Amino acid sequence: MTHKTPSSSCPTLILFFSSFFFLFLSVVHLYIQINSNHKPETLKSPEEEKGVDCVQTISQTNLLLSAFATVSLFLCLSSLFAQDTMPQTPPFTGQLNTGSYNKNLYQTKEEGYPGLYYNDNNLVSGSLEALIHHLVPTVDYYPDRTYIFTFLLSSRLFIHPYELMSKVCHLCTEQQRLGDPQADKVQVRKIAPKILQLLTEWTETFPYDFRDERMMRSLKELTHRLASGDEIYRKAVSQMSQGLIRRLTVLSQYEEALGKINATAAERLTVLKAKPQAAIQRDLLSICNDPFTVAQQLTHIELERLSYIGPEEFVQAFVQKDPLDNDKNCFSDHKKASNLEAYVDWFNRLSYLVATEICMPGKKKHRARVIEFFIDVARECFNIGNFNSLMAIISGMNMSPVSRLKKTWSKVKTAKFDILEHQMDPSSNFYNYRTALRGATQRSITANSSREKIVIPFFSLLIKDIYFLNEGCANRLQNGHINFEKFWELAKQVSEFMTWKKVECPFEKDRKILQYLLTAPVFTEDALYLASYESEGPENNMEKDRWKSLRCV
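Residues numbered from 1 in each chain as written. Predicted model: local features only at pLDDT ≥ 70, side-chain atom pairs only at ≥ 80, totals over all residues. Heavy atoms only, no water.

(A) Summary view of the overall build of the protein chain. Broken down by element type, the protein chain carries 25 helices and three strands. Here the protein chain holds 553 residues, and 53% of them are scored as buried. Taking as baseline every contact in the protein chain between residues at least 6 positions apart, the subset at least 24 positions apart corresponds to 82%. Carbon and sulfur atoms form 51% of the exposed surface of the protein chain, whose accessible area is close to 25500 Å². (Helix = DSSP H or I, 4+ residues; strand = E, 2+ residues; numbered from the N terminus. Buried < 20%, exposed > 50% of the residue type's maximum accessible area, 1.4 Å probe, protein only. Contact = heavy atoms within 4.5 Å. Areas by Shrake-Rupley, 256 points an atom, 1.4 Å probe, with all protein chains shown as cover.)

(B) Representation of the packing of helix 3 (residues 128–135) against helix 5 (residues 161–175) in the model. Contact geometry for helix 3 and helix 5: axes closest at 10 Å, N-to-C directions at 60°. With respect to helix 5, the element helix 3 is oriented oblique. Handedness of the helix 3/helix 5 crossing: right-handed. Residue-level inspection shows Glu-129, Ile-132, His-133 and Leu-135 of helix 3 in contact with helix 5, the latter providing Leu-164, Lys-167, Val-168, Leu-171 and Gln-175. Taken together, the residues of the contact of helix 3 with helix 5 sort by class into five nonpolar, two polar and two charged. (Axes fitted to C-alpha atoms, helices over the stretch in contact; angles between N-to-C directions. Parallel < 35°, antiparallel > 145°, perpendicular 65-115°, else oblique. Left-handed = near helix turned anticlockwise from the far one by under 90°. Nonpolar A, V, L, I, M, F, W, Y, C, P; charged D, E, K, R; others polar.)

(C) Fine view of the pattern of salt bridges. On inspection of all chains with the given rule, the structure shows 16 salt bridges. The structure contains a network of salt bridges with shared partners spanning Asp-376, Arg-379 and Lys-416. (Salt bridge = Lys/Arg side-chain N within 4 Å of Asp/Glu carboxyl O.)

(D) Examining the nonpolar core more closely. One finds Phe-314, Met-397 and Phe-459 to be the most contacted residues of the largest nonpolar core, which totals 132 residues. The leading source of residues in this core is helix 14 (residues 364–384), at eleven residues. When residues are assigned to domains, this core turns out to be shared by domain 1 (116–246) and domain 2 (280–319 + 336–552), each giving three or more. Not counting the four nearest positions on each side in its chain, Phe-459 is found in contact with Leu-306, Ile-309, Phe-314, Leu-340, Tyr-343, Val-344, Asn-388 and Phe-497. Membership of the second largest hydrophobic core comes to six residues, among which are Tyr-208, Leu-251, Leu-258 and Tyr-308. (Core = buried A, V, L, I, M, F, W, Y, C linked by side-chain atoms within 4.5 Å. Domains from an automatic or database assignment.)

(E) Representation of helix 21 (residues 459–472) within the structure. Along its 14 residues, helix 21 runs 20 Å from first to last C-alpha, staying within 8% of the 20 Å computed at 1.5 Å per residue. Most of helix 21 sits out of view: ten of its 14 residues are buried. The complete set of buried residues in helix 21 reads Phe-459, Leu-461, Leu-462, Ile-463, Asp-465, Ile-466, Phe-468, Leu-469, Asn-470 and Gly-472. (Expected span 1.5 Å × (residues − 1).)

(F) Examining the pairing of strand 1 (residues 116–119) more closely. In this structure, strand 1 lies alongside strand 2 (residues 122–126), joined through four bridges in antiparallel fashion. Bridge assignment links Leu-116 to a residue of strand 2, and that residue is Gly-126. Hairpin connection of strand 1 to strand 2: two residues between the antiparallel strands, including Asp-120 at a positive phi of 55°. (Pairing = 2+ DSSP bridges.)

(G) Broad picture of the sheet that holds strand 1. Pairing within the open sheet is antiparallel, and its three strands lie in the order 1-2-3. Edge strands, defined here as strands with exactly one partner in the open sheet, are strand 1 and strand 3 (482–483). Relative to strand 3, strand 2 runs antiparallel, the two being bridged by two bridges. Note that in strand 3 the partner of Ser-125 across the bridge is Asn-483.

(H) Fine view of helix 3. With respect to burial, helix 3 is a largely interior element, seven of its eight residues being buried. Along helix 3, the positions that sit buried rather than exposed are Leu-128, Ala-130, Leu-131, Ile-132, His-133, His-134 and Leu-135.

(I) Main features of unusual backbone geometry. Here Asp-120, not a glycine, exhibits a phi torsion of approximately 55°, which is positive. Structurally, Asp-120 is set in the loop between strand 1 and strand 2. Phi at Phe-430 is positive, roughly 55°, even though this residue is not glycine. Mapped onto the elements, Phe-430 comes out in helix 19 (residues 427–445).

(J) View of the state of the cysteines. Under the definition given, this model contains zero disulfides. For Cys-172, which is in no disulfide, the shortest distance to another cysteine sulfur is to Cys-169 and amounts to 6.7 Å. Residue Cys-172 is classed as buried on the basis of its relative accessible area of 1%. (Disulfide = S-S within 2.5 Å.)

Structure, rendered in structure tokens:
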């Protein structure tokens, strides 16, 4: 039986906190539209009447042709709880045959472990101990996969993963007498595949938990007991262990490569500061002048970095000290969300790279050509379904050092840019953006290729959605029980992300373009203003004063 989330007071709290969310949106809107008064009238399109038609035509065409994979689960925070069911945790490869017991056999408070509370047959709260017992399979019971994903995701707010693993191992060993030589071999054969499936789901969905040696110790102890009984279990344990080691090795290699990329970018920035003119030998247009190809390479970077973000990072990014926990919070001793942070850093880098490429050329005609090029790149990103790069490009073009270049913008045909800004307009809780994603859901269901499945969300908005969900409801109820109703909703959002991150990029890699996008030096904000003033002189006293101060540095 699939768990459903019943209505409760939690949505009311979400609606209450949504008012704060709109405050955030107004700030985002101010950032994106900042200095819009500095842009010349041509930014509103010299072909305004045609532009209106273009908005409708291109928007409809892009909805049909764009390659999005999934949809934003929530058009606004008030609709968070409108979903009837939570997406199942994706099927895993390399499992034993679990069709006969992968069912959520309903256990009432009286029938099951005491401390679980249901509303309309839906689990809504429980003590931590009861929820842990509900996770552990028995001969006659295996937890629903949505419950496994939801509990493993949210439990880290209350208990270290290694402590949870230790408790699971203890329950499996004691309840099922796995350590007892006199135990019923038939019963062990019945429970072993279920325990192996639970461990497989854990290692495949949350592999980063197992970078902790304490986790690995408990895992090895339990799997050793299981593997000692039958050859088929030894093979299954070996397959699971090899898969985990492979995933952790790939992660380490990615982190090492990321460190090298960042070091190269820092080195090139140092050269740029020391010898500005000597360092600027090439720009992106000199490497590739095809917007579609650049958009494809941006999509490569986005999908690669998305793929390494663990679902638990969304929880750990907002983790706070549990009021019932006398220890320090669960993640103060190591980096909580390094891959998530690296992805946010990429967004910022791309925004500044766009602004740098525009402000760098000395000639107005060249700057205008660069702006039009990035408008075309942004449009191709939209068509692909790469909303994160699209928003990064728009943000870079709306930075004050760029938007103040009135003479440059007067040479730009901005009708396409106006359409893109309309699509990503922050007003009404990013209604246009969320509507485009909703329309893409049907396309993703019938997708026949990887390209048609691509969706790269505007990541900062996804983080804000999860943040306000987290803030909108308490983790614990007044009686101290865990508010599991809240965590069903959290898992809905994160499980949608799991679908996005698994899409493989279908485009051919261009190493030269990728290297430039990842390591080309980018200007700081002050350097951007200085380059902007040198391209088009200050227009008022405030700009003149700032220009003087920047030249003196």
